[in-house]
Amino acid sequence: MARNGLLIQYDWCTGCHACEVACKQEHNYSEGMCGIKVYELVSSSPEKVYVDFVPALTRFCDLCAERTKTAGEEPACVKHCQATCIAYGNLTELGKAMEKQPRSSLFAPK
C-alpha cells in the first residue's frame, strides 16, 4: 500500500501559523500539543538578515487520518495553508515534485 506524506516548500511559507491553528482545532489538542509547528530561522550575511519560516511535523501528526481516510479530505494544515506551500499525497509522487522545488522537505509520519 502506498504511503502518503506532506511536501513543504519553505520558499513560500509566510509564517502565518494557520497550519498550527487548523491542526489544534482539528484534533482539539491541549496547550503545547500540535501536529505541526512553524519555526522561525534567522540567519545573516554582512549585508542582510534573512528570516525563514520552516513548518515541521511533530510526533502528534497523523496526517489527519480521520479526515483523509474516512472523509477523503486533505489534512487540516494543507487545507488552511494560506501560502499553499504544503501539499499532501503519495510519497512517490511528492518525491518527484520535490526534485523541482529547491527548498523543500518531505515528511512521512508513522
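Look up: the structure comes first, before these words.
Here's a quick rundown of the structure. (Residues numbered from 1 in each chain as written. Predicted model: local features only at pLDDT ≥ 70, side-chain atom pairs only at ≥ 80, totals over all residues. Heavy atoms only, no water.)

## Comments concerning the overall build of the protein chain
Next, step 1: Each helix and strand counted, the protein chain has four helices and five strands in total.
Next, step 2: Mapped in sequence order, the helices and strands of the protein chain form the string β-α-β-β-α-α-β-α-β.
Next, step 3: For the protein chain, the C-alpha atoms occupy an extent of roughly 50 × 35 × 20 Å along the three principal directions.
Next, step 4: Residue burial in the protein chain is summarised as follows: out of 110 residues, 39% are buried.
Next, step 5: Within the protein chain, counting contacts between residues at least 6 apart in sequence, those at least 24 apart form 58% of the total.
Next, step 6: Summing over all exposed atoms, the protein chain offers an accessible surface of approximately 7,200 Å²; the carbon and sulfur share of this is 50%. (Helix = DSSP H or I, 4+ residues; strand = E, 2+ residues; numbered from the N terminus. Buried < 20%, exposed > 50% of the residue type's maximum accessible area, 1.4 Å probe, protein only. Contact = heavy atoms within 4.5 Å. Areas by Shrake-Rupley, 256 points an atom, 1.4 Å probe, with all protein chains shown as cover.)

## Here's the deal with the nonpolar core
Next, step 1: Leu6, Ile36, Cys77 and Ile86 are the most contacted members of the largest nonpolar core, which has 22 residues in total.
Next, step 2: Those elements giving two or more residues to this core turn out to be strand 1 (4-9), helix 1 (18-27), strand 2 (36-44), strand 3 (49-57) and helix 3 (76-80).
Next, step 3: The element best represented in this core is strand 3, accounting for four residues.
Next, step 4: With sequence-adjacent residues up to four places away left out, Cys77 is seen in contact with Leu6, Cys19, Ala22, Ile36 and Ile86. (Core = buried A, V, L, I, M, F, W, Y, C linked by side-chain atoms within 4.5 Å.)

## Some remarks on the packing of aromatic side chains
Next, step 1: This structure, assessed with the given rule, holds one aromatic pair.
Next, step 2: The interplanar angle of 55° and the centroid separation of 6.0 Å between the aromatic rings of Tyr29 and Phe60 together place this pair among those described as tilted. In this pair, Tyr29 is assigned in the loop between helix 1 and strand 2 and Phe60 in the loop between strand 3 and helix 2 (65-70), connecting sequence segments 31 residues apart.
Next, step 3: In this structure Phe60 comes out as partly exposed when scored by relative accessible area, which is 33%.
Next, step 4: Sitting over the ring of Tyr39, Lys37 keeps its end group 5.7 Å from the ring centre. (Phe/Tyr/Trp six-rings, centres within 6.5 Å; stacked < 30°, edge-to-face > 60°. Lys NZ or Arg CZ within 6 Å of the ring centre and 35° of its normal.)

## A few points about the pattern of salt bridges
Next, step 1: Counted according to the given criterion, the structure contains four salt bridges.
Next, step 2: Its salt-bridge partner being Arg67, residue Glu26 comes within 3.2 Å of it at the nearest N-O pair. On the criterion of sequence distance, the pair formed by Glu26 in helix 1 and Arg67 in helix 2 is long-range, its members being 41 residues apart.
Next, step 3: Looking at Arg67, the relative accessible area reads 11%, which means it is buried.
Next, step 4: For the salt bridge of Arg67 with Glu73, the shortest nitrogen-to-oxygen distance reads 3.2 Å. (Salt bridge = Lys/Arg side-chain N within 4 Å of Asp/Glu carboxyl O.)

## Some details on unusual backbone geometry
Next, step 1: Notably, His17 is not glycine yet its phi reads approximately 70°, a positive angle.
Next, step 2: On the basis of relative accessible area, His17 is assigned to the partly exposed category, the value being 30%.
Next, step 3: Even without being glycine, Cys64 reaches a positive phi, approximately 50°.
Next, step 4: Within the secondary structure, Cys64 is located in the loop between strand 3 and helix 2.

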